[in-house]
Amino acid sequence: MKATLERTDLLKSLTHVHRVVERRNTIPILSNVLIRADGGELRLKATDLDLEISETVPALVEAPGATTVPAHMLYEIVRKLPEGSQVVMETSSDQATLEIRAGRSRFALQMLPESDFPDLTAGDFSHSFEVAAADFRKLIDRTQFAISTEETRYYLNGIYFHTVESPNGARFRAVATDGHRLAQAEVAAPGGAVGMPGIIVPRKTVGEIQKLLDEPEANVAIELSETKIRLTTGPVVLTSKLIDGTFPDYGRVIPQGNDKELQVERAEFEKAVDRVSTISSERGRAVKLAMSEGRMVLTVNNPDSGSATEELVVDYDAEPIEIGFNSRYLLDIANQLTSETAIFRLADAGSPTLVQNSGADDTLYVLMPMRV
Amino acid sequence: MAVRQLSETVINRIAAGEVIERPASVVKELVENALDAGASRIEVVTAAGGKTLMRVSDDGAGMTAADLALAVERHCTSKLTEGDLMDIRTLGFRGEALPSIGAVARLTIATRNAEEPHGWEITVDGGEKGEVAPSALNRGTRVEVRDLFFATPARLKFLKTDRAETAAITEVVKRIALAHPHVRFSLSGPDRRQPLDFPAATGPDARLARIGQVLGSDFVDNAMAIEAEREGVRLTGFAGLPTYHRANALQQFFFVNGRPVRDKLLLGALRGAYADVLARDRHPIVVLDLDLDPHQVDVNVHPAKADVRFRDSQLVRGLMVGAIKRALVEAGHRASSTGGREALDFARPNGVDPRTGGWQGGNAQAAPARPWSGGYAAPRHVPSRPSGDAQDWRLSAFRPLHGEGASGVEVLEETAQDAGAFGFAESQAPFAGFDATSADTRADAMPVDAGLQAHPLGAARAQLHANYIVAQTEDGLVIVDQHAAHERLVYERLKDALAAKGVASQMLLIPEVVELAQEDVERLLDRADELAECGLVLESFGPGAVAVRETPALLGDTDIRGLVRDIADDIADMSEATRLRERLDHVAATMACHGSVRSGRRLRPEEMNALLREMEATPLSGQCNHGRPTWIELKLADIEKLFGRR
Ligand SMILES: Nc1ncnc2c1ncn2[C@@H]1O[C@H](COP(=O)(O)OP(=O)(O)OP(=O)(O)O)[C@@H](O)[C@H]1O
Ligand SMILES: [Mg+2]
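Residues numbered from 1 in each chain as written. Chains lettered and ligands numbered in written order. Predicted model: local features only at pLDDT ≥ 70, side-chain atom pairs only at ≥ 80, totals over all residues.

(A) Structural detail: the overall build of chain B. Each helix and strand counted, chain B has 22 helices and 25 strands in total. Here chain B holds 646 residues, and the buried ones make up 40% of them. (Helix = DSSP H or I, 4+ residues; strand = E, 2+ residues; numbered from the N terminus. Buried ≥ 20, exposed ≤ 12 C-beta atoms within 10 Å, placed from the backbone.)

(B) Focus on the overall build of chain A. Looking only at helices and strands, one finds six helices and 27 strands in chain A. Out of the 372 residues belonging to chain A, those deemed buried represent 41%. Restricting the contact set of chain A to residue pairs at least 6 apart, pairs at least 24 apart contribute 67%. (Contact = placed C-beta atoms within 7 Å.)

(C) Highlighting the interface of chain B and chain A. At the junction of the two partners, chain B supplies 21 residues and chain A supplies 27 residues. Secondary structure elements with two or more residues in the side of chain B that touches chain A: helix H16 (482–501), strand E22 (505–515) and helix H19 (560–574) of chain B. Looking at the side of chain B that touches chain A element by element, the count peaks at seven residues for E22 of chain B. Direction of pairing for strand E27 (residues 370–371) of chain A relative to E22 of chain B: antiparallel, over a ladder of two bridges. For arginine 371 of chain A, the partnering residue across the bridge sits in E22 of chain B and is serine 505 of chain B. (Pairing = 2+ DSSP bridges.)

(D) Quick look at the sheet that holds strand E1 (residues 2–6) of chain A. Residues and elements named next belong to chain A. Strands sit in the order E5-E1-E7-E8-E9 across an open sheet of five strands; the sheet is antiparallel. Among the strands making up the open sheet, the edge pair consists of strand E5 (60–63) and strand E9 (105–110). The average undirected angle you get between the axes of adjacent strands in this sheet is 15°. Summarising the sheet, strand E7 (residues 86–91) and strand E8 (residues 97–102) pair through four bridges and their orientation is antiparallel. Bridged to valine 88 within E8 is arginine 101. Each of E1, E7 and E8 is contacted by helix H1 (residues 7–18), which is oriented at about 95° to E1, the strand it contacts most. (Axes fitted to C-alpha atoms, helices over the stretch in contact; angles between N-to-C directions.)

(E) Layout of the nonpolar core. Counting residues in each nonpolar core, the largest one holds 119 residues, and the members touching the most others are Val33, Val287 and Phe325 of chain A. Beyond its immediate sequence surroundings of up to four residues, valine 33 of chain A is in contact with Val17, His18, Val21, Leu44, Lys45, Ala46, Thr68, Val69, Ala71 and Leu74 of chain A. Among the nonpolar cores identified, the runner-up in size contains 96 residues, and Val26, Leu148, Leu278 and Ala323 of chain B belong to it. (Core = buried A, V, L, I, M, F, W, Y, C linked by C-beta atoms within 7 Å.)

(F) Here's a closer look at the site of ligand 1. Residues and elements named next belong to chain B. Around ligand 1 lies a shell of 23 residues, among which Asn33, Ala37, Thr77, Gly92 and Ala97 are the nearest. Looking at the shell around ligand 1, the elements that each hand over two or more residues are helix H2 (23–36) and helix H4 (97–104). By residue number, the principal contributor to the shell around ligand 1 is H2, which donates four residues. Of the residues that constitute the shell around ligand 1, the class distribution is nine nonpolar, eight polar and six charged. (Near = placed C-beta within 6 Å. Nonpolar A, V, L, I, M, F, W, Y, C, P; charged D, E, K, R; others polar.)

(G) Spotlight on helix H4 (residues 203–212) of chain A. All buried positions along H4 of chain A are accounted for by Thr205, Val206, Glu208, Ile209 and Leu212 of chain A. When H4 of chain A is viewed along its axis, its buried side chains cluster within an angular range of 165° and face the same direction. (Arc of directions from axis to C-beta.)

(H) Examining the environment of threonine 233 of chain A more closely. Residues and elements named next belong to chain A. The residue threonine 233 is located in strand E16 (residues 228–233) in this model. Once the C-alpha coordinates of threonine 233 and asparagine 219 are considered, the two residues, 14 residues apart in sequence, prove to be 6.5 Å apart. Discounting residues that sit within four places of it in the chain, threonine 233 has contacts with Ala133, Leu212, Leu213, Ala218 and Val220.

(I) Examining the packing of helix H9 (residues 264–274) of chain B against helix H10 (residues 313–331) of chain B more closely. All names here are of chain B. Running from N to C, H9 and H10 point in directions that differ by 35°, and their axes come no closer than 9 Å. Viewed along their axes, H9 and H10 form a crossing whose handedness is right-handed. Only Ser313, Val316, Arg317, Met320, Val321, Ile324 and Lys325 of H10 make contact with H9, whose side of the interface consists of Leu265, Leu266, Ala269, Leu270, Gly272 and Ala273. Classifying every residue of the contact of H9 with H10 by side-chain character gives nine nonpolar, two polar and two charged. (Left-handed = near helix turned anticlockwise from the far one by under 90°.)

(J) Seen up close, unusual backbone geometry. All names here are of chain A. Positive phi, close to 60°, is recorded for glutamine 95, a residue that is not glycine. Mapped onto the elements, glutamine 95 comes out in the loop between E7 and E8. Accessibility expressed as a C-beta count within 10 Å gives 12 for glutamine 95, which makes it exposed.

(K) The arrangement of helix H5 (residues 266–276) of chain A in detail. Residues and elements named next belong to chain A. Listing the buried residues of H5 in full gives Arg266, Phe269, Ala272, Val273 and Val276. Down the axis, H5 shows its buried residues gathered within 130° of arc, on one side only. In this fold, the buried residues of H5 make contact with strand E18 (260–265), strand E19 (286–292), strand E20 (295–302), strand E21 (306–313), helix H6 (327–336) and strand E24 (341–346).

(L) Quick look at the pairing of E20 of chain A. Residues and elements named next belong to chain A. Relative to E20, E19 runs antiparallel, the two being bridged by five bridges. When the sheet's bridge partners are listed, alanine 290 is paired in E20 with valine 297. Count of turn residues in the E19/E20 antiparallel hairpin: two residues, of which glycine 294 carries a positive phi of about 75°. Of the strand pairs in this sheet, E20 and E21 are connected by eight bridges, and their pairing is antiparallel. For asparagine 302, the partnering residue across the bridge sits in E21 and is glycine 306.

(M) Quick look at the environment of leucine 525 of chain B. The topology assignment puts leucine 525 of chain B in helix H17 (residues 518–526). Remark: the alpha-carbon pair of leucine 525 of chain B and serine 540 of chain B, spanning 15 residues in sequence, is separated by 7.1 Å.

(N) Broad picture of the pairing of strand E20 (residues 468–473) of chain B. Residues and elements named next belong to chain B. With five bridges joining them, strand E19 (residues 459–464) and E20 adopt antiparallel strand pairing. Within E20, the position partnered with glutamine 463 by the bridge is isoleucine 469. Alignment of E20 against strand E21 (residues 476–481), held across six bridges, turns out to be antiparallel. By the bridge assignment for E21, glutamine 472 is matched with leucine 477. The loop that links E20 with its antiparallel partner E21 comprises two residues.

(O) Geometry of the environment of aspartate 276 of chain B. All names here are of chain B. The residue aspartate 276 is located in the loop between H9 and strand E15 (283–284) in this model. Look at aspartate 276 and you get buried, because 20 C-beta atoms sit within 10 Å. Sequence separation between aspartate 276 and leucine 620 is 344 residues; the distance between their C-alpha atoms is 9.2 Å.

(P) Just the packing of helix H6 (residues 162–179) of chain B against helix H7 (residues 206–215) of chain B, in detail. Residue and element names in this part refer to chain B. Running from N to C, H6 and H7 cross one another at 165°; their axes reach a closest spacing of 9 Å. Taken together, the axes of H6 and H7 are roughly antiparallel relative to one another. Crossing of H6 over H7 shows left-handed handedness. Contacts between H6 and H7 pair Lys174, Ala177 and Leu178 from the former with Arg210, Ile211 and Val214 from the latter. (Parallel < 35°, antiparallel > 145°, perpendicular 65-115°, else oblique.)

(Q) Structural context of the confidence of the model for chain A. Averaged over every residue, the pLDDT of chain A is 92; residues scoring 70 or more account for 98%. Ranking the elements of chain A by mean pLDDT puts E27 of chain A last with 88 and strand E14 (residues 199–202) of chain A first with 96. (pLDDT = per-residue confidence, 0-100.)

(R) Just the sheet that holds strand E11 (residues 158–166) of chain A, in detail. Residues and elements named next belong to chain A. In spatial order, the strands read E14-E11-E12-E13-E26-E25-E24-E18-E22; together these nine strands make up an open sheet with antiparallel pairing. The sheet is open, and its two edges are formed by E14 and strand E22 (315–316), each paired on a single side. Bridging between E18 and E24 involves six bridges; their strand directions are antiparallel. Residue pairing in the sheet places leucine 262 in a bridge with phenylalanine 344 of E24. Taken strand by strand, H5 contacts E18 and E24, and its axis lies near 85° from that of E18.

(S) Representation of the confidence of the model for chain B in the model. With 74% of its residues at a pLDDT of at least 70, chain B reaches an overall mean of 76. Two summary scores accompany this predicted model of the complex, namely pTM at 0.55 and ipTM at 0.76.

Laid out in structure tokens, this is it:
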């Protein structure tokens, strides 16, 4: 194999691809990236057996062929090569090493045969559709923080994507929850998505997709089956297994009849929560919110260090209510909201609270209170 | 197939299967019989791990000819008064041991009772009972068991190596000996290199003396006396300091009314008592006696009599956890003395007694650059007047400490530079090490306050390697691991706070349904209020399941099923939800670790002394959260020994 290509192109692709490779591997070939030179391009591919990313880079191919070399090392090498340089990749005559040359630098990396490289792409997809990269990114950005990291409830370790019918047509919806809070975001369902099976996309895949979708104008082609998802954007193809589990019937926990409505200036609220929670030293410390006509009092008590109170002017005219929340959860949600005013819909101190942007209804958050 | 009555021999062999598992079980039964007969000395001889021979001789009451004939019959016992199983005051009561042994081995019993003119003996050979015949024995009883399991070859196959069986016998004898300090025990035979001999101990400290004989004096030095009584149940004995621990639970000895037992409830209570001073995989050493009205305890749970059942297990458990915890708190900052002793062993160069000379510089740090001249065989040197070759003296690590501090202790301050001035450029090597050490001598600038020295942990004198505080006490010196000590202090503070303000709970959006055995469900629901106090709220969810509605906020996004199952197990095992507390404490411990002074931080003298005082004031500060000591003490006497001054 022999190919010549631009360092910039190669680095960009390697940046996408090498992240999939785990730092520590028991199977040696999984530390490697597959390189295949053929017909005017170089295809790079890496996998951790659950997730695979492959990408093509234009190249001048003198001798077609394929091999695998350590991914992180190749990435580091290319990253350190001088900007604007041309990179030549050539396998040695004994097929033991891959030589990489640029300017006066020269590296020889040990290879493993490409025939051993695992392939994840087998299988048919039942649904395929296109969605704007910006839309898909939004679904992920708004819900990712609520994914559970607790591994025994594996079915919560990802984002649940599915379609629902609504008065304004079919919606493509993403939901994530860790059992303490829930985040939901939706966009108009693209044609072809309607009727798709509900799928749970694992956390690591979600993170990688997020990083790939950095050009908002682009489109993303999505193909999926009950067990796999494939996403194509530009030269990149990502294929991932899905979480094999049943996402809980989340609709039941989204409160419908919470009648105490509160409107608060989002940025002010976020800062106030942040300030009062300084006093708490440990995770899981509660902020108490006391609402009464036109005002909200935030209190944190820490017997070790003292207490903090802050008062905000809010729009509230229902019965007074006191309710405690984990301060970190409040901050997370305040961070997620995009409108100037945040809307809280409350029932009582022991029931879920609904939080939304004002005006728009394409995202919503549900938060369970704490008891102190 | 017709139903038939089994023959006596077969019945005995079946029974033997339960009572006699291995040679050690025979020894146990025979020694217990000897104790029941009021023996004051018991001699055990074994060969080939007891497989070929076990002989137990005692000086007890012996048996008459008539009793002897009956003793080897099934269900014959002299011990059950009016057949009251609820009132067992002897070790034996089933009347099963001798016939069982007789059924599977060659058994000979020789005995002499005071009422008889001479001794008698009888032989039972694989169930074949011989005649009672006169014997020359004129005192006590001698029981000899040969060829164990020759009559049941299948059993033979399950025996372990001679060495393993010998060790098991030793364990059994030690266990029983611990409970009977007034009886002399000896154990010998061709299968052991070192015969064991535990002479009878007398006086008020007999028990402690016996414990020393059996477990070694280290344990005695590192044990806390336990004594407590509640509603007629008495707990006495000794429990090891948390810093003196083992990787397994083999050295945990429990006796109920003098009977060695291995009981789940007691083991669980012990674990609970030590839960926050020992890492999960370390085990304390204890010798504990529980004495109570025989009516309050059932020992007839299993033929081997190692399990017991208490009428009021809550009482027993509470008594034990309470008594040990109290002792732990009282022992306060006391740490294991072996720490200091082990340190001394390290310091002793090559283990060679300096007085005998022949020192080859085994201690790398202190090694002189050139060997000591042969003539300098008395290192009882007077630093201010070095004898012999001045160069040799100068180059050794035993340079005199300059000046005479008010306290007689000074911290080395000279550096390699001074040595360089002497012009011994070729031999500066030994100083390199000195230069690299990081003795912070700021504490030394303070005048030594005799008042501070009187405190158990003394007056801080220096900080070494930015982590070890060296303090001077009236009769020695103390070295404190500052990180470990501070971690413990923070942990204790957090735990107090946790207990004081209660535990906040996070309500769950979707209740977690956990499926369990119905008994577990009921156990959990019984304790629902107590669990709720710790932040875990659960309720019944149909048969065989609970729904968890709230979890302790401190645990964050946690494995709820695992937690609930563990707690159900805990309640079943030891009727207390220790694991939930433990987990909360564990979070506290992790936070403590992050919040404590890292090693590597220099402390001002005031800070060091404050740390020492706080350690003295904090219960359980003698070990870190992992059971490692936070400080060790070297007595002046020990240090003097090290230098051959004593
Ligand atoms: N060393 C001994 N000295 C005096 N009497 C003995 C001795 N060993 C056994 N005996 C007598 O023999 C009887 C039978 O002993 P055996 O061990 O079979 O039963 P046990 O001790 O009564 O009950 P267990 O089966 O629970 O041990 C005893 O009750 C006792 O009277
Ligand atoms: Mg007996």
